[in-house]
Every structure is written in C-alpha cells, then in structure tokens.
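Descriptive analysis of the structure
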Amino acid sequence: GALLRYLKEVRNGDLPHITGIRRLESAATMILDETTRRNLEIFKPAFPDGPDTSLIAVLDRTLTAAGGRRLRAWLERPLLDRAAIESRLAVVSDLIGKDLDREHLVESLQETHDLERLLGRAACGKATPRDLRSLGDTALLIPGIRAAAERFEAPGLRVLAECLRDLTPLGERVDQALVDEPPAQSADGGIFRPGYNAELDELRGGSL
C-alpha cells in the first residue's frame, strides 16, 4: 500500500497499468543478500578498474531490453525448485538443438521494441508519438514471434507461444494513424497520416 501511494504521488495520478499484485514466493528462489552478490561477482567484478569478470557480463547475450531485465532478475533470485530448473534447462537444450529455428526466433525478437515499458508509458498517458509508433510496430511482430516459438517442443517455449496475445489490430490501427517517422514530441505536429481524419485534414488545410 505504501509503495502504491508513493507511485501515485510520483506519477501525479492513477496507475491504470497496474491491474494486480501478487506475493513473491521466497521458497521457490534463493535469497542472495548484497554481500553474497558482491563476493560471487554476480553483477560487479571484484576489481572495478580491471576487465568485467562478473557473471552477468559472461552470460548476457540478450538482444532486447526486456530480455536483459529478465536475465538480471533470474540471477538475482536463482531457482530452488527442481522442476522449474529442469524446465528452464529443457528450453535451453531445445534452443541449442535447433539452430535454424533459434536464429529465426532471435531475428524476430531483435526487431521488437521494449513493449513492457512502452505499454506502461501509454497507460500513464506519458507515451510520445515515437513510443506509440514503436508500440504499433512491435504489435505487428507478435504473430511472427509466436510462430517461431511454436517450432520448439520444450513446454516452456510452448507456454510462451500460447501466452502471446495477437495484437495485430492494435498494430494496424497505429500504422493507419501515424506517419512512418513521427516527431519526438506531440507539440512538434505532423503525427498523423493525411487522410486518417477528415477534420484534421481540414484544419491542416486551413492553417496553410
């Protein structure tokens, strides 16, 4: 409750993108305090002036911002449940064993923008025209990502494919409305395509 109140004060309003709260089950993951993380060099090397020998530096080959955040979260709270560990290993094994399918999935993900943060900005009314364009472009990529994930047999990847919602209508709506290269801020104008809104076109014509 205190955290939600703080966020509302910082955001100066409601938080429509927060639709629920769930308890983090500590029994399922290992608790690593800051001293342990430092001694194990999980996120920072022992000698800051030398090469980055931290665990995350060795492992992090992620290509998206969301992937980088997820990897960091996994390293912060390593799994303890054997079934969960084996499920994750099965995903890794499946990805390693299917080079072409893995490359296809990588290429599909590499084209995406940070959907998690874009949706948060949009829900709070903070999204810029470029944010909305990026949101629409990423929405159009989801069917391809789902099809790429469906080529694998590991349950973890199958569940991922099933959880991906088809946001094509959203992507198409954004594509119809916004120009290919929108401005950084709404105040700059030139956001919508000619022909998208007759009233807007009339106002534009009157201002020339």
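In what follows, the structure referred to is the one given above.
Residues numbered from 1 in each chain as written. Predicted model: local features only at pLDDT ≥ 70, side-chain atom pairs only at ≥ 80, totals over all residues. Heavy atoms only, no water.

**Details of the overall build of the chain**
What counts, and what does not: Runs of E in the DSSP output that reach at least two residues are strands. Runs of H or I that reach at least four are helices, and both are numbered from the N terminus. The quantity called the radius of gyration is restricted to C-alpha atoms. Its globule counterpart is 2.2 Å times the number of residues to the power 0.38.
Within the chain, the regular secondary structure consists of 11 helices and zero strands. Going residue by residue from the N terminus, the α and β elements of the chain occur as α-α-α-α-α-α-α-α-α-α-α. Its C-alpha atoms give the chain a radius of gyration of 22 Å, more than 25% over the compact-globule value 17 Å for 208 residues. Viewed in the frame of its principal axes, the chain has a C-alpha envelope of about 65 × 45 × 40 Å.

**Quick word on the pattern of salt bridges**
As a reminder of what qualifies: Each salt bridge in this description consists of a side-chain nitrogen of Lys or Arg and a carboxyl oxygen of Asp or Glu lying within 4 Å of one another. Buried means the residue's accessible area, taken with a 1.4 Å probe over protein chains only, is under 20% of the maximum for its type, while exposed means over 50%, and partly exposed covers the values in between.
Under the definition given, this model contains 18 salt bridges. R69 is the partner of E116 in a salt bridge, and the nearest nitrogen-oxygen pair spans 2.6 Å. Highlighted residues: E116 in helix α7 (residues 115–123) and R69 in helix α4 (residues 65–76), separated in sequence by 47 residues. Two residues, R133 and D175, come together in a salt bridge whose shortest N-O distance is 2.6 Å. Here R133, found in helix α8 (residues 129–149), pairs with D175, found in helix α10 (residues 168–177); they are 42 residues apart in sequence, far enough to count as distant. The buried category is assigned to R133, whose relative accessible area is 8%. For D175, a relative accessible area of 30% puts it in the partly exposed group.

**Section: the layout of surface pockets**
Any empty space left between the atoms is revealed when a probe the size of a water molecule rolls over them. Put simply, the rule is: Only protein atoms enter the 1 Å grid used here, on which a cavity is any set of points holding a 1.4 Å probe that cannot leave and a pocket is any open set flanked by protein within 12 Å on both sides along at least five of seven lines; residues with an atom within 4 Å of a point are listed as lining. Grid points are joined across faces, edges and corners, and a volume is the space filled by probe spheres set on the points. When residue character is reported, Ala, Val, Leu, Ile, Met, Phe, Trp, Tyr, Cys and Pro are called nonpolar, Asp, Glu, Lys and Arg charged, and the others, Gly included, polar.
The volume enclosed by the largest pocket comes to roughly 2,600 Å³. Together, 45 residues line the largest pocket, and G67, R70, W74, L109 and L160 are the ones closest to its centre. When contributions to the lining of the largest pocket are tallied by element, the ones reaching two or more residues are α4, α5 (82–97), α6 (99–110), α7, α8 and α9 (155–163). It is α5 that provides the largest number of residues to the lining of the largest pocket, a total of nine residues. A per-class count over the lining of the largest pocket returns 29 nonpolar, eight polar and eight charged. Empty space within the second largest pocket amounts to approximately 630 Å³. The wall of the second largest pocket is formed by 15 residues, among which H17, I18, G20, R22 and E116 lie closest to the centre. Broken down by element, the residue count for the lining of the second largest pocket peaks at four residues, all from α7.

**Some points on the packing of aromatic side chains**
The way to describe two aromatic rings as a pair is by their centre distance and the angle between their planes. Quick reminder of the rule: When the centres of two rings from Phe, Tyr and Trp lie within 6.5 Å, Trp using its six-membered ring, the rings pair. Their planes under 30 degrees apart give stacked, over 60 give edge-to-face, and anything left gives tilted. Sitting over a ring, as applied to charges here, requires NZ of Lys or CZ of Arg to be within 6 Å of the ring centre and within 35 degrees of the ring normal.
The full count for this structure, using the stated rule, is one aromatic pair. Between F192 and Y196, the aromatic rings sit 5.9 Å apart at their centres with planes inclined by 5°, giving stacked as the arrangement. We classify F192 as partly exposed; its relative accessible area is 32%. Its end group placed over the ring of W74, R88 keeps NZ or CZ at 3.7 Å from the ring centre.

**A short note on the nonpolar core**
The nonpolar side chains of a soluble globular protein tend to be buried, and buried together. The condition is simple: Here, the term nonpolar core denotes a set of buried Ala, Val, Leu, Ile, Met, Phe, Trp, Tyr and Cys residues that are joined through side-chain atoms within 4.5 Å. In this description, contact between two residues means that some pair of their heavy atoms is separated by no more than 4.5 Å.
Counting residues in hydrophobic clusters, the biggest one holds seven residues: V91, L105, I145, A148, F152, A154 and L157. Those residues in contact with A148 that sit more than four places away from it in its chain are H104, L105 and S108. One finds L32, F43, I56 and L71 within the second-largest nonpolar core, a separate group that totals six residues.

**Overview of the side chain of D94**
Heads up, the rule is: Side-chain atoms alone can form a polar contact between residues adjacent in sequence; in general such a contact is a pair of N or O atoms within 3.5 Å, and within protein one must be able to donate a hydrogen while the other accepts it.
Along the chain, D94 turns up in helix α5. Of note is the side chain of D94, whose polar atom sits 2.7 Å from the backbone nitrogen of E153. Every residue in contact with D94, bar those within four places of it in the chain, is listed here: F152, E153, A154 and L157.

**Points about a nonpolar patch on the surface**
The criterion, for reference: Distance thresholds for patches are 9 Å for like charges and 5 Å for nonpolar side chains (Val, Leu, Ile, Met, Phe, Trp, Tyr), applied to residues having over 30% relative accessible area and no salt bridge. Only the protein chains shown count as covering a residue, and every accessible area follows the Shrake-Rupley method with a 1.4 Å probe.
On the surface, a nonpolar cluster with roughly 490 Å² of combined accessible area is contributed by Y6, L7, V10, I18 and I21. Look at Y6 and you get exposed, because its relative accessible area is 51%.

**Remarks on unusual backbone geometry**
The phi dihedral of E41 is positive, around 55°, even though this residue is not glycine. Assignment of secondary structure puts E41 in the loop between α2 (34–39) and α3 (55–59). The partly exposed category is assigned to E41, whose relative accessible area is 22%.

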